[in-house]
Amino acid sequence: MDKLKGRYTPLRRSLWVVGVYLLAAGLWITFSDYLVGRWFPDPETLNRVQTYKGILFVLVTALVLFLVLMRQFSNDRTMLSLHHHQREEIRQLNQFRESVIERANVWINVLDPMGCVVLWNRAAEDISGYRRDEVLGSDEIWSWLYPDDDDRARIRARAGEILRDEGEVVGYETRITARDGSQRLISWNSRSLRNDDGEIVGSIAIGQDITDIREAETTIRKRERQLSTLMDNLPGMAYRCRYDEYWTMLFVSSGCRDLTGYEPSELVNNEWVSFAELIANGGNEHILREVESAIGNAEPFSIEYTIVRKDGQRIWVWERGRAVEDNGELVLEGIILDISDRKALEDELSELAIRDPLTGLFNRREMARLLDEEIVRAKRYGRALSLLWIDLDHFKNINDDYGHAAGDSVLKATSGLLADSVRSVDVIGRFGGEEFVILLPEMDRSEASETAERLRGLISDTPQPLGDGRTVPLTISIGAAVFPDNGADASALCAAADKAMYQAKSNGRNQVVLAPLAEEAHNS
């Protein structure tokens, strides 16, 4: 009815205008003829006036028609301009819809107040699998996307709140079932829509498919848990630190507690103590040189050094790491292990390699090495060096009479007594069997003789234990040689001292014999 009424409005307006024109023309003709006839009774004058009156009527009506047409044309031009502007706006809106809504990579849909779909963009089609022509004007999409009744009721209730303008949602996550049966996780932002009069006309929802994001986050969390478990079970401390003077820790694993005694938070960013402060014996310079060399050669570094734990204990650690670039900054990554047990074992093995297992004194090989070193030092500084060669008298009888265990007890007691009776700079070793050698740095011939006599008397005056509570008297024979008088090298010096010891044995034992000088040997 409104359309029919609108269709006849121009006709009525046209008839009204024509009627007004006819009425005005009729009144003009009637009254103007009457007045002209009254005013101009002369026929000739009347004819002229009638002519002029007709011309005036034509001019007036032409002017009126001109004004009416001008107004109409102006209105038409305004309407055409408005129509063109509206068409341009519609074109821009369509372009906006095409470029923004249709080409958007997020799901956009609009619902009317009844919850039916009135807009469904291309991304919504791609994600859900349902075409626009299937969902527009319908609310069946709810059951398609959310086949579970309870799930669907909960989500529709939330949508109803938005349509009633009872709030909006941001980051509201739902799991939809796509046409192909796959499950997709969607994060929604939604709010109500109002027209110019403030009336609610529906709601708009923008959804982002976050299925891959959530799966990636789950994978990352799983890897982080695995990495954390790995780090926690490492035998040492994994770290990441700055390449600076403090070795500022950016990350340390929980193994930090067992290694250093500090909590990870106390080391990170030097919160309580810097790692550089834990390094003992000035080891920072050594570490810095090794790290600089490794960085220069673009290779990993391996370093051993000592650190001081929180409880004050010193431990040996082994560090393996390499330099990497992180956001334009050079950092170090690696692992630090406690190798104190290994170092102790190495020290023990080293001691076993140079020590006599029974007495704990240096063995023959180590004594030979030390003798060579002392001779070189004596030559360099022009200082004296003496060598005592000691043999236990009648030691075979002790083994025969009391057994080898008793003999071992005597050897250990005698070696301990000798070691305790010389200077700290003197070196004592067991050359084998019951023979011992003592190096006396910076001792001349007379000093060596006095020392040898003192040791001989000490052993002679001290009964040696057999290990079963009994003791046995013991004497020693000592041969003494002096560098360089009795030999210019280790071999000659040892031979001279050994020969002097055998001379002491031949002379009746329990005595000291000095190796003769060159002139004494010639005279003898």
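That block above? That's the structure.
Conventions we followed
- Here the residue numbers are simple positions, counted from 1 along each chain's written sequence.
- It should be noted that, the model being predicted, local features are given only for residues of pLDDT at least 70 and side-chain atom pairs only at 80 or more, the latter also being counted only at that level, while totals for whole chains, interfaces and linings use all residues.
- Processing note: side-chain calculations cover all non-hydrogen atoms of the structure and skip hydrogens and water entirely.
- Working definition: helices are DSSP H or I runs of at least four residues, strands are E runs of at least two. Numbering for both runs from the N terminus.
- For the area figures, the Shrake-Rupley method with a 1.4 Å probe applies, and any residue is considered shielded solely by the protein chains shown.
- In this text, buried Ala, Val, Leu, Ile, Met, Phe, Trp, Tyr and Cys residues form a nonpolar core when linked through side-chain atoms within 4.5 Å.
- For each residue, the accessible area found with a 1.4 Å probe, counting protein chains only, is set against the maximum for its type, and the residue is called buried under 20%, exposed over 50%, and partly exposed in between.
- Contact between two residues is taken to exist if any of their heavy atoms lie within 4.5 Å; hydrogens are not considered.
- Strand pairing is defined by DSSP finding a minimum of two bridges between the two strands.
- What makes a salt bridge here is a side-chain nitrogen of Lys or Arg within 4 Å of a carboxyl oxygen of Asp or Glu, nothing more.
- A 3.5 Å cut-off defines polar contacts: any pair of N or O atoms within that distance qualifies, except that in protein one atom must be a possible hydrogen donor and the other a possible acceptor, and neighbouring residues in sequence count only when both atoms are side-chain atoms.
- Here, axes are lines fitted to C-alpha atoms. For helices the fit covers the stretch in contact, and angles between N-to-C directions go from 0 to 180 degrees.
- Put simply, angles under 35 degrees are roughly parallel, angles over 145 are roughly antiparallel, angles from 65 to 115 are roughly perpendicular, and the rest are oblique.
- Less than a right angle of anticlockwise turn of the near helix away from the far helix marks a crossing as left-handed, whereas a clockwise turn marks it as right-handed.

### Here's the deal with the overall build of the protein chain
Next up, step 1: If you tally the helices and strands in the protein chain, you get 18 helices and 17 strands.
Next up, step 2: Here the protein chain displays about 31,900 Å² of accessible surface, and carbon together with sulfur accounts for 54% of that area.

### Examining the nonpolar core
Next up, step 1: Ranked by size, the top nonpolar core spans 27 residues in total, and within it Leu388, Ile390, Leu392, Ile398, Val410, Ile438 and Ile478 carry the most contacts.
Next up, step 2: Sorting the residues of this core by element identifies strand E11 (385–392), helix H14 (395–402), helix H15 (404–420), strand E13 (435–441), helix H16 (445–461) and strand E16 (476–483) as the ones contributing at least two each.
Next up, step 3: Not counting residues up to four positions away in its chain, the partners in contact with Ile398 are Gly403, Gly407, Val410, Leu466, Val472 and Leu474.

### Here's the deal with the side chain of Arg309
Next up, step 1: Looking at where Arg309 falls in the secondary structure, it is placed in the loop between strand E8 (301–308) and strand E9 (314–326).
Next up, step 2: The residues touching Arg309, leaving out its near neighbours within four places in the chain, are Arg257, Asp258, Leu259, Thr260, Gly261, Tyr262 and Ile315.

### Regarding the pairing of E11
Next up, step 1: Burial runs high along E11: eight of the eight residues are buried.
Next up, step 2: Alternating residues of E11 divide into Leu385, Leu387, Trp389 and Asp391 and Ser386, Leu388, Ile390 and Leu392, and every residue in both groups is buried.
Next up, step 3: Pairing analysis gives seven bridges linking E11 to E13, with the strands arranged antiparallel. Looking at the pairing, Leu388 lines up with Ile438 of E13.
Next up, step 4: Sheet topology places E11 next to E16; eight bridges connect them, and they run antiparallel. Paired with Trp389 across the two strands is Gly479, which belongs to E16.

### Comments concerning the pairing of strand E4 (residues 183–194)
Next up, step 1: The pairing of strand E3 (residues 169–177) with E4 spans eight bridges and is antiparallel. In the sheet register, Val170 faces E4, and the bridge partner there is Asn189.
Next up, step 2: The antiparallel hairpin formed by E3 and E4 contains five residues in its connecting segment, where Gly181 sits at a positive phi of about 90 degrees.
Next up, step 3: Two successive antiparallel strands, E4 and strand E5 (residues 200–209), enclose a turn made up of five residues, where Gly198 displays a positive phi of approximately 85 degrees.

### Considerations on the pattern of salt bridges
Once their charged atoms are close, side chains differing in charge can pair, the charge on each being opposite to the other.
Next up, step 1: Counting across every chain of the model gives 32 salt bridges.
Next up, step 2: Notably, a salt bridge pairs Arg158 with Glu161, separated by 2.6 Å at the nearest N-O pair. Of the two residues, Arg158 and Glu161 are both situated in helix H6 (residues 149–163); the distance of three residues between them amounts to about one turn of the helix.
Next up, step 3: Among the residues examined, Arg158 registers a relative accessible area of 23% and is labelled partly exposed.
Next up, step 4: One salt bridge in this structure joins Arg430 and Asp356, with 3.2 Å as the shortest N-O distance. A residue pair is termed long-range when its members are at least 10 positions apart, and Arg430 in strand E12 (residues 427–432) and Asp356 in the loop between helix H12 (340–354) and helix H13 (364–381) qualify at 74 residues. Across the pair, exposure class does not vary: Arg430 and Asp356 are buried alike.
Next up, step 5: Three or more residues are tied together by salt bridges with common partners; here these are Arg131, Asp133, Glu134 and Arg179.

### Quick look at the environment of Arg445
Next up, step 1: Within the fold, Arg445 resides in helix H16.
Next up, step 2: Expressed as a C-alpha distance, the spacing of Arg445 and Asp485, which sit 40 residues apart in the sequence, is 9.0 Å.
Next up, step 3: Reaching out from Arg445, the side chain makes a polar contact with the backbone oxygen of Ala515 at a distance of 2.9 Å.

### Remarks on unusual backbone geometry
Next up, step 1: Here the bond from Phe483 into Pro484 is cis, since omega is 0 degrees, no more than 30 degrees from zero.
Next up, step 2: If you trace the backbone, Pro484 turns up in the loop between E16 and helix H17 (490–506).
Next up, step 3: At Trp247, a position not held by glycine, the phi torsion is positive, near 50 degrees.
Next up, step 4: If you trace the backbone, Trp247 turns up in the loop between strand E6 (237–242) and strand E7 (249–252).
Next up, step 5: Of note, His394 is a non-glycine position whose phi angle comes to about 50 degrees, a positive value.
Next up, step 6: Within the element layout of this structure, His394 appears in the loop between E11 and H14.
Next up, step 7: Taking the relative accessible area as the measure of exposure, His394 reaches 46% and is therefore partly exposed.

### Considerations on the sheet that holds E3
Next up, step 1: The five strands lie next to each other as E2-E1-E5-E4-E3, forming an open sheet whose pairing is antiparallel. Two strands in the sheet have a free side with no partner beyond their single neighbour: strand E2 (117–120) and E3. Each strand axis lies, on average, 30 degrees off the axis of its neighbour in the sheet, ignoring direction.
Next up, step 2: Where strand E1 (residues 107–111) lies against E2, three bridges are found, and the strand directions are antiparallel. Note on E2: the bridge partner recorded for Leu111 is Val117.
Next up, step 3: Packing of H6 onto the sheet brings it into contact with E1, E3, E4 and E5, and relative to E3 it is tilted by some 145 degrees.

### Regarding the packing of H15 against H16
Next up, step 1: Contact pair H15 / H16: the axes reach a minimum separation of 11 Å and the direction vectors enclose 140 degrees. Considering the angle they form, H15 stands oblique to H16. Note on packing geometry: the crossing formed by H15 with H16 is right-handed. Residue-level inspection shows Thr414, Leu417 and Leu418 of H15 in contact with H16, the latter providing Leu455, Leu458 and Ile459.

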